[in-house]
Amino acid sequence: MLRVGMGYDVHQLVEGRKLIMGGVEIAHDKGLLGHSDADVVVHAIMDALIGAIAEGDIGKHFPDTDPQYKGISSIALLKHVGKLLKDKKAVIHNIDATIIAQKPKMAPHILAMRENIAKALEIAVGQVNIKATTEEKLGFTGAEQGISSQAIAMVDL
């Protein structure tokens with residue numbers, strides 16, 4: 001049975017943190033604030049995948065109150081989500097994600113992000129699409145206060 005899940009995540013930009021997107025460290029004067037590495041695109045993808053198999057959300061699986069997840073790589077968490085899907089015999093058809101950020105430019109890093117995500121989930125790079133957009137200086141992302149991401153995933157369960 002084909003199932004679709006969607007995910008959304010947002011984190012505040014702050015000084016003194018690395019900016020990690022899709023498992024790629026991107027040079028920027030600010031990074032995303034969060035319990036883990038705050039990789040919003042990976043978080044949105046995880047929520048989409050978990051939603052497609054009706055297993056809640058990332059907060060259920062990786063609570064921000066649990067010290068074992070403090071500073072953890074979101075790619076490591078994504079590998080766990082991939083195992084969860086395999087345990088349920090779910091097959092990923094495709095993932096499509098959008099990063100919403102005024103700065104920095106994401107385009108130079110998108111292929112590496114896709115490769116990291118595909119490798120973590122043991123799927124083909126062609127099954128992962130990531131794109132980026134700005135909000136034309138509107139809202140919290142346009143004001144460079146944060147970065148958000150949306151994702152959708154189709155799985156066979």
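Scroll up a little and you will see the structure.
A brief structural summary.

## Points about the nonpolar core
Generally speaking, soluble globular proteins have nonpolar side chains that are buried together.
And then number 1: If you look at the biggest cluster of nonpolar residues, it comprises 47 residues, and the most contacted ones within it are Met 21, Leu 49, Leu 78 and Ile 147.
And then number 2: Elements with a minimum of two residues in this core: strand E2 (19-21), strand E3 (24-26), helix H1 (40-52), helix H3 (74-87), strand E5 (91-100), helix H4 (110-121), strand E6 (128-133) and strand E7 (146-156).
And then number 3: The element that contributes the greatest number of residues to this core is H1, accounting for 10 residues.

## A word on the packing of aromatic side chains
And then number 1: Taken as a whole, this structure holds 1 aromatic pair when the rule is applied.
And then number 2: Where Phe 62 meets Tyr 69, the ring centres are 5.4 Å apart and the plane angle is 85°; that geometry is what we call edge-to-face. Tyr 69 shares its class with Phe 62; the two are buried.

## Describing the side chain of Asp 9
And then number 1: One can find Asp 9 in strand E1 (residues 2-14).
And then number 2: For the buried residue Asp 9, which engages in no salt bridge, the nearest side chain bearing the opposite charge is Arg 17, 10 Å off.
And then number 3: A polar contact of 3.0 Å, which involves the side chain of Asp 9, links it to the side chain of His 11.
And then number 4: A distance of 3.0 Å separates polar atoms of two side chains, one belonging to Asp 9 and the other to His 43.

## Comments concerning the packing of H1 against H3
And then number 1: It is at 10 Å that the axes of H1 and H3 come closest, and there the two elements cross at 10°. By the angle class used here, H1 and H3 are roughly parallel. Residues Val 42, His 43, Ile 45, Met 46, Leu 49 and Ile 50 of H1 form the contact with H3, whose own contacting residues are Ser 74, Ile 75, Leu 77, Leu 78, Val 81, Leu 84 and Leu 85.
And then number 2: Here the residues of the contact of H1 with H3 sort into 11 nonpolar, 2 polar and no charged.

What counts, and where the lines are drawn
Counting restarts for each chain, with residues numbered from 1 along the sequence as it is written. Totals for whole chains, interfaces and linings use every residue, but because this is a predicted model, local features are given only for residues with pLDDT of at least 70 and side-chain atom pairs only at 80 or more, for both listing and counting. Hydrogens and water molecules were not included; the side-chain quantities draw on all heavy atoms of the structure. We call a set of buried residues a nonpolar core when its members are Ala, Val, Leu, Ile, Met, Phe, Trp, Tyr or Cys and they connect through side-chain atoms within 4.5 Å of each other. For every residue, the accessible area (1.4 Å probe, protein chains only) is compared with the maximum for its type, and the residue is labelled buried under 20%, exposed over 50%, or partly exposed between those bounds. Helix and strand assignments come from DSSP, with helices taken as H or I runs of at least 4 residues and strands as E runs of at least 2, each series counted from the N terminus. Here is the rule: rings of Phe, Tyr and Trp (six-membered ring for Trp) pair when centre to centre is within 6.5 Å. Planes less than 30 degrees apart are stacked, more than 60 are edge-to-face, and the remainder are tilted. Positive charges are assigned to Lys and Arg, negative charges to Asp and Glu, while His and the chain termini are left out of the count. What makes a salt bridge here is a side-chain nitrogen of Lys or Arg within 4 Å of a carboxyl oxygen of Asp or Glu, nothing more. For the purposes of these results, a polar contact is taken to be a pair of N or O atoms within 3.5 Å, where, inside protein, one atom must be able to donate a hydrogen and its partner to accept one; residues adjacent in sequence count only when each atom of the pair is a side-chain atom. Fitted lines through C-alpha atoms give the axes, limited to the stretch in contact for helices. The angle between two N-to-C directions lies from 0 to 180 degrees. Convention used here: angles under 35 degrees read as roughly parallel, angles over 145 as roughly antiparallel, angles from 65 to 115 as roughly perpendicular, and any remaining angle as oblique. Working rule for contacts: check all heavy atoms of both residues, and any pair within 4.5 Å makes them a contact. The residue classification treats Ala, Val, Leu, Ile, Met, Phe, Trp, Tyr, Cys and Pro as nonpolar and Asp, Glu, Lys and Arg as charged. All others, Gly included, are polar.

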